[in-house]
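Read off the chains here:
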Amino acid sequence: MRIKKDEELIKILKIIAPGTELREGLENILRAKTGGLILIGDGEEELKLIDGGFNINAEYSPAYVYELAKMDGALVLSSDLEKIRWANAQLMPEQNITTYETGTRHRTADRVAKQTNSIVVAISQRRNIISIYKGDMKYVLKDSSKILAKANQAIQTLEKYVSVQQKIINNLNVLEFQDLVTLFDIMTAIQRAEMVMRIVEEIERYIYELGNEGRLISMQLHELIEDIEEEEVFLIRDYCQGELEYQKVYEKLQNIDYDELIDLDRVAKILGYGGVPLVDTIISPRGYRMLAKIPRIPSSVVDNLVERFYELKSIVEATHEELESVEGIGEARAKTINNRLRRLREQFILDRQI
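Now for a quick tour of the structure. (Residues numbered from 1 in each chain as written. Predicted model: local features only at pLDDT ≥ 70, side-chain atom pairs only at ≥ 80, totals over all residues. Heavy atoms only, no water.)

Digging into the overall build of the protein
Part 1: Scanning the protein for helices and strands turns up 17 helices and eight strands.
Part 2: C-alpha atoms of the protein, sized along the principal axes, occupy 80 × 45 × 40 Å.
Part 3: For the protein, the exposed surface amounts to about 18300 Å²; the carbon and sulfur share of it is 47%. (Helix = DSSP H or I, 4+ residues; strand = E, 2+ residues; numbered from the N terminus. Areas by Shrake-Rupley, 256 points an atom, 1.4 Å probe, with all protein chains shown as cover.)

Structure, rendered in structure tokens:
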């Protein structure tokens, strides 16, 4: 459901992350301080840029890359990273392609990436950094220890946000059964859930960049977030105005910037409540979120229940006979729904008192 942001960068980070053979080769060149230029791609568009060099067509290995990079020219790897196609090659991109890079190696890398849309890696001999180019994108790889420090800091921030979000949800659970939810309550819950998911996206990018060094961060992340995204989607589905499609509302929320996200009135407007007082407006949930907590109830049956009763309050107050009249619900399922909703209400009230 989340919009895939920085998808192109993430693909690159996956193939170049610590633990991969490509990264090992790049690190060897970096440590040797020889510098290097590597083009990943051996299609017609890439090959026509090659002038001179040696067509070696050898199996890829980090050690071999390290030795071949000692020559002045570029290395050309196959798209699948299985072969070293060319060594000591001169890459001749179109000179009228705009670039703001200063060094010869980086200017060539930038132009080749823009002309072919392939991945080009420039390893700086003087600055001791690895720069990745693809199309108009440039990304400088950071030291793993620095990324790990940022990831740990982000995890600590996430823990605080998740703790606050859980308190908000615990309070909302009780209010929903009491039918006392205000627009302020629900907009705050949706806002905080979206904030949590944005921190999650940042941490996930760190994990991709860390490669095999990010396993512990990945484990911590999955333990923390549980079903927060699913919860956010259910909240939107429960409370957005009926004429709106909840998927499109979710997309709009993901696309607004942080300044807009912290504005609850702006969040309310996206859900269809423009110009409505947040604190004084009571709004009833449809019941998707609560019904999802009942095991073995198909989503089609949940849809039928909401379509029949429209609000959670009506579902909770419905008799066995009224529930049985809904398509997909028999006597046993009707009892399960009634009993489970009653237990959820009791549990939520108890949780808030503890």
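Remarks on the packing of helix 7 (residues 183-210) against helix 10 (residues 246-255)
Part 1: One can describe the packing of helix 7 onto helix 10 by two numbers: an axis separation of 11 Å at closest approach and a directional angle of 60 degrees. Considering their axes alone, helix 7 and helix 10 lie oblique with respect to each other. The handedness of the crossing between helix 7 and helix 10 comes out as right-handed. Between helix 7, through Ile190, Glu194 and Arg198, and helix 10, the contact on the second element is made entirely by Tyr250, Leu253, Gln254 and Asn255.
Part 2: Of the residues contributing to the contact of helix 7 with helix 10, the split by class is three nonpolar, two polar and two charged. (Axes fitted to C-alpha atoms, helices over the stretch in contact; angles between N-to-C directions. Parallel < 35°, antiparallel > 145°, perpendicular 65-115°, else oblique. Left-handed = near helix turned anticlockwise from the far one by under 90°. Contact = heavy atoms within 4.5 Å. Nonpolar A, V, L, I, M, F, W, Y, C, P; charged D, E, K, R; others polar.)

Comments concerning the packing of aromatic side chains
Part 1: By the definition in use, this model includes one aromatic pair.
Part 2: Centroid distance phenylalanine 177 to phenylalanine 348: 6.0 Å. Interplanar angle 40 degrees. Geometry classified as tilted. Taken as a pair, phenylalanine 177 in helix 6 (residues 144-178) and phenylalanine 348 in helix 17 (residues 331-353) lie far apart in primary sequence, 171 residues in all.
Part 3: Just above the ring of tyrosine 288 sits the side chain of arginine 237; from NZ or CZ to the centre is 4.0 Å. (Phe/Tyr/Trp six-rings, centres within 6.5 Å; stacked < 30°, edge-to-face > 60°. Lys NZ or Arg CZ within 6 Å of the ring centre and 35° of its normal.)

Structural notes on the packing of helix 6 against helix 8 (residues 215-225)
Part 1: Where helix 6 contacts helix 8, the axes come no closer than 11 Å and their chain directions differ by 10 degrees. Taken together, the axes of helix 6 and helix 8 lie roughly parallel to each other. Together, Leu148, Ala151, Asn152, Ile155, Leu158, Glu159 and Val162 of helix 6 and Ile217, Gln220, Leu221, Leu224 and Ile225 of helix 8 make up the contact between the two elements.
Part 2: When grouped by side-chain class, the residues that make up the contact of helix 6 with helix 8 number nine nonpolar, two polar and one charged.

Digging into the pattern of salt bridges
Between side chains of opposite charge, a pair can form as their charged atoms come close.
Part 1: Scanning the model with the defined rule gives 20 salt bridges in all.
Part 2: Salt-bridge contacts for glutamate 194 lead to arginine 2; the nearest nitrogen and oxygen are separated by 2.9 Å. Of the two residues, glutamate 194 is situated in helix 7 and arginine 2 in the segment before helix 1 (7-16); the sequence distance between them amounts to 192 residues. Take glutamate 194 and arginine 2: they sit in the same class, and that class is buried.
Part 3: Within the structure, one salt-bridge network assembled from shared partners comprises Arg2, Glu194, Arg198, Glu201 and Glu232. (Salt bridge = Lys/Arg side-chain N within 4 Å of Asp/Glu carboxyl O. Buried < 20%, exposed > 50% of the residue type's maximum accessible area, 1.4 Å probe, protein only.)

A word on a negative patch on the surface
Part 1: A cluster of acidic residues, Glu21, Glu24, Asp80 and Glu82, forms a negative patch on the protein surface.
Part 2: Looking at the secondary structure, you find aspartate 80 in the loop between strand 4 (74-77) and strand 5 (83-91). (Patch = residues over 30% accessible without salt bridge, like charges linked within 9 Å, V, L, I, M, F, W, Y side chains within 5 Å. Lys, Arg positive; Asp, Glu negative; His and termini not counted. Charge placed at Lys NZ, Arg CZ, Asp CG, Glu CD.)

Brief notes about the layout of surface pockets
Part 1: Considered as a void within the structure, the largest pocket measures approximately 610 Å³ in volume.
Part 2: Taken together, 23 residues make up the lining of the largest pocket; nearest its centre are Lys4, Lys5, Ile10, Glu201 and Glu204.
Part 3: Among the elements of the structure, helix 1, helix 7 and helix 8 are those that each provide at least two residues to the lining of the largest pocket.
Part 4: Per-element accounting of the lining of the largest pocket gives the leading share, nine residues, to helix 7.
Part 5: The computed volume of the second largest pocket comes to approximately 470 Å³. (1 Å grid on protein atoms, 1.4 Å probe; cavity = no way out; pocket = protein on both sides within 12 Å on 5 of 7 lines; lining within 4 Å. Points joined across faces, edges and corners; volume = space filled by probe spheres on them.)

Considering the environment of threonine 188
Part 1: Relative to the helices and strands, threonine 188 resides in helix 7.
Part 2: Residues threonine 188 and aspartate 263, 75 residues apart in the sequence, show an inter-C-alpha distance of 9.8 Å.
Part 3: Discounting residues that sit within four places of it in the chain, threonine 188 has contacts with Ile168 and Leu264.

Some details on the side chain of threonine 182
Part 1: Mapped onto the fold, threonine 182 is located in the loop between helix 6 and helix 7.
Part 2: Reaching out from threonine 182, the side chain makes a polar contact with the side chain of aspartate 185 at a distance of 2.9 Å.
Part 3: Residues in contact with threonine 182, not counting those within four places in the same chain, are Leu278, Val279, Thr281, Ile282 and Ile283. (Polar contact = N/O pair within 3.5 Å; in protein donor to acceptor, adjacent residues only side chain to side chain.)

Examining the nonpolar core
Part 1: In this structure, Ile186, Met187 and Leu271 are the most contacted members of the largest nonpolar core, which totals 30 residues.
Part 2: Mapped onto this core, the elements with two or more residues apiece are helix 6, helix 7, helix 9 (228-239), helix 10 and helix 12 (264-270).
Part 3: Apart from residues no more than four positions distant in its own chain, leucine 271 is found in contact with Met187, Ile190, Tyr239, Cys240, Gln241, Leu244, Val249 and Leu253.
Part 4: The next biggest cluster of nonpolar side chains, apart from the first, holds 25 residues, and it includes Leu30, Leu68, Ala69 and Ala87. (Core = buried A, V, L, I, M, F, W, Y, C linked by side-chain atoms within 4.5 Å.)

A closer look at helix 8
Part 1: Buried within helix 8 we find Ile217, Ser218, Leu221, Leu224 and Ile225. Buried positions in helix 8, seen along its axis, are confined to an arc of 130 degrees and lie on one side of it. Seen from the open side of helix 8, the exposed residues pointing more than 90 degrees away from its buried face are Arg215, Leu216, Met219, His222 and Glu223.
Part 2: Those residues of helix 8 hidden inside the fold are in contact with helix 6, helix 7 and helix 9. (Arc of directions from axis to C-beta.)

Considering the environment of lysine 150
Part 1: By the element assignment, lysine 150 lies in helix 6.
Part 2: When its relative accessible area of 40% is taken as the criterion, lysine 150 is described as partly exposed.
Part 3: Residues lysine 150 and tyrosine 206, 56 residues apart in the sequence, show an inter-C-alpha distance of 8.0 Å.
Part 4: Ignoring sequence-local partners within four residues, the contact set of lysine 150 consists of Lys142 and Tyr206.

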